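Commentary on secondary and tertiary structure
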Amino acid sequence: MNDAHPYLVGLIGTGVLPSLTPPMHMAEARALGLTYVYRPLDLTALGIDPERIGDVLAWAERLGYDAVNVTHPCKQSVLAHLDRIDPVAVALGAVNTVLFTASGRVGYNTDTTGFAAAFADGLPDAATRHVVQLGAGGAGSAVADALLRLGTARLSIVDLDPKRSGALADDLAARHPLAVVDTAAPADLGEVLADADGLVHCTPVGMAEHPGLPLDVTLLRPDLWVADIVYRPLDTELLVTARERGCRTLSGGRMAVHQAVDAFALITGTRPDPDRMTTHFLDLVAADAPVGPAVAR
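So, here is what we can say about the structure in this document.

Analysis parameters
Residues numbered from 1 in each chain as written. Predicted model: local features only at pLDDT ≥ 70, side-chain atom pairs only at ≥ 80, totals over all residues. Heavy atoms only, no water. Helix = DSSP H or I, 4+ residues; strand = E, 2+ residues; numbered from the N terminus. Rg over C-alpha atoms; globule rule 2.2 N^0.38 Å. Axes fitted to C-alpha atoms, helices over the stretch in contact; angles between N-to-C directions. Parallel < 35°, antiparallel > 145°, perpendicular 65-115°, else oblique. Left-handed = near helix turned anticlockwise from the far one by under 90°. Contact = heavy atoms within 4.5 Å. Nonpolar A, V, L, I, M, F, W, Y, C, P; charged D, E, K, R; others polar. Pairing = 2+ DSSP bridges. Core = buried A, V, L, I, M, F, W, Y, C linked by side-chain atoms within 4.5 Å. Buried < 20%, exposed > 50% of the residue type's maximum accessible area, 1.4 Å probe, protein only. Salt bridge = Lys/Arg side-chain N within 4 Å of Asp/Glu carboxyl O. Phe/Tyr/Trp six-rings, centres within 6.5 Å; stacked < 30°, edge-to-face > 60°.

A closer look at the overall build of the chain
Summing up its helical and strand segments, the chain has 11 helices and 12 strands in all. Whereas a compact globule of 297 residues would reach a radius of gyration of roughly 19 Å, the chain reaches 19 Å, a difference of no more than 12%. Projecting the C-alpha coordinates of the chain onto the three principal axes gives extents of approximately 55 × 40 × 35 Å.

Below you can see the structure in the form of structure tokens.
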């Protein structure tokens, strides 16, 4: 593809109409002189069952889309409908970016690379001897893998579903044999967090439609860093409370930007400017865009 190519990209998922990802991509494309249209394909609004993700991919491909980003609840089910999958996405068992190429559909995961870049950018010297992660869903899997690739020695996963957290821990331990990956029940969070350097939050709690805090605030202490992958609102109640208690924090906005940077580069073959995309993102947030689901991108 060259600069004269008019790109057509979609975002497939439920509740994606308010997503900031399409306007962020298009603003960067304009800055690069690319013709680039990015449309949300909201399965809920369209009345399409998410189980028909294979049909949706086929429709998009036939209609001339160059690529799609895939978000909740299709990141795992989409794998069965791809011709090739990047090894990182294979290991994670989740794809969030699909390219329609001459040789078939190719899947990638930029959630994990996005979080890794966001962490290195926003908490560059943070200790990772022991990190506690709340949430073992699709986004949690990508974040956990990034944490282990960043050198986390011990990762403790806490989830309401012990089977889900156990399965994720087993998978991560098999792929990262030098690290310790364990699980804990929510009731034991205080005990596990007492020994931790940092906390990463990967559940929907804190989003507009799921307000509140995911833990007892008394568990937050000044020497603990806290990261949240929710980006709308940018300052979740967890992050605001953590800063009030002296914690260093990392907002989900950085992950949102960096996963978009990686996806844009895959789609166009052109590496965008991360600083400029951050500006695009912050401008969109400041414009008070409609609030909606945004844990998954």
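Observations regarding the packing of helix α5 (residues 110-122) against helix α6 (residues 138-149)
In the contact formed by α5 and α6, the axes pass within 8 Å of each other and the chain directions differ by 50°. With respect to their mutual orientation, α5 and α6 come out oblique. Note that α5 runs across α6; the crossing there is right-handed. Within the contact between the two elements, α5 uses D111, T112, T113, F115 and A116 and α6 uses A142, V143, D145, A146, L147 and R149. Of the residues in the contact of α5 with α6, the class split is six nonpolar, two polar and three charged.

Observations concerning the sheet that holds strand β1 (residues 7-13)
The strand order β2-β1-β3-β5-β6-β4 describes an open sheet built from six strands, whose pairing is mixed. Strands at the two margins of the open sheet, each flanked by one partner only, are β2 (36-42) and β4 (84-85). Here three bridges tie strand β3 (residues 67-70) to strand β5 (residues 97-101), and the two strands are oriented antiparallel to one another. Looking across to β5, one finds that A67 is bridged to L99. Sitting on the sheet, helix α1 (residues 21-31) is in contact with β1, β2 and β3, with an inclination near 175° to β2.

Regarding the sheet that holds strand β7 (residues 130-134)
Reading across the sheet, the six strands line up as β9-β8-β7-β10-β11-β12 and stay open at both edges, with parallel pairing between neighbours. Looking along the sheet, the strands with just one partner apiece sit at the ends: β9 (180-184) and β12 (249-250). Here four bridges tie β7 to strand β10 (residues 198-201), and the two strands are oriented parallel to one another. Note that in β10 the partner of V132 across the bridge is L199. On top of the sheet, α6 reaches β7, β8 (154-158), β9 and β10; it is set at about 175° to β7, its chief contact. Packing against the sheet, helix α7 (residues 162-175) makes contact with β8 and β9, and its axis sits at approximately 175° to β9.

Here's the deal with the nonpolar core
Formed by 28 residues in total, the largest nonpolar core has its most connected members in F115, V143, L155, I157, L172, V200 and W225. Looking at this core, the elements that each hand over two or more residues are α5, α6, β8, α7 and β11 (225-228). Top element by residues in this core is α6. It accounts for six residues. Excluding residues that lie within four positions of it along the chain, L155 makes contacts with V131, Q133, A144, L147, L148, L172, V180, V181 and D182. Core analysis: the second largest hydrophobic core is formed by 19 residues, L43, V56, V68 and V98 among them.

Things to note about the pattern of salt bridges
According to the stated counting rule, one finds 17 salt bridges in the structure shown. Put simply, R105 and E61 hold a salt bridge, and the shortest N to O gap is 2.9 Å. Note that R105 is positioned in strand β6 (residues 104-108) and E61 in helix α3 (residues 53-62), a separation of 44 residues in sequence. In this structure, R271 engages D262 in a salt bridge whose closest nitrogen and oxygen atoms are separated by 3.0 Å. Owing to a relative accessible area of 14%, D262 belongs among the buried residues under this scheme. Bridged by salt links that share partners, the residues R129, R154, D182, D195 and D197 form one connected network.

Examining the packing of aromatic side chains
In the structure shown here, the tally under the stated rule is five aromatic pairs. Taken together, a centroid distance of 5.2 Å and an interplanar angle of 20° make the contact between Y36 and F264 stacked. Placement of Y36 in strand β2 and of F264 in helix α10 (residues 252-268) is noted, with a sequence separation of 228 residues between them. Residue class for Y36 comes out buried when judged on its relative accessible area of 6%. For F264, a relative accessible area of 0% translates into the label buried.

Concerning the packing of α10 against helix α11 (residues 274-286)
Two elements in contact, α10 and α11, have axes separated by 10 Å at closest approach and are oriented at 125°. One finds that α10 runs oblique with respect to α11. You can see that α10 and α11 cross each other, and the crossing is right-handed. Facing α10, whose interface residues are G253, A256, V257, H258, A260 and V261, α11 presents P274, M277, T278 and F281. Residues belonging to the contact of α10 with α11 are distributed by class as follows: seven nonpolar, three polar and no charged.

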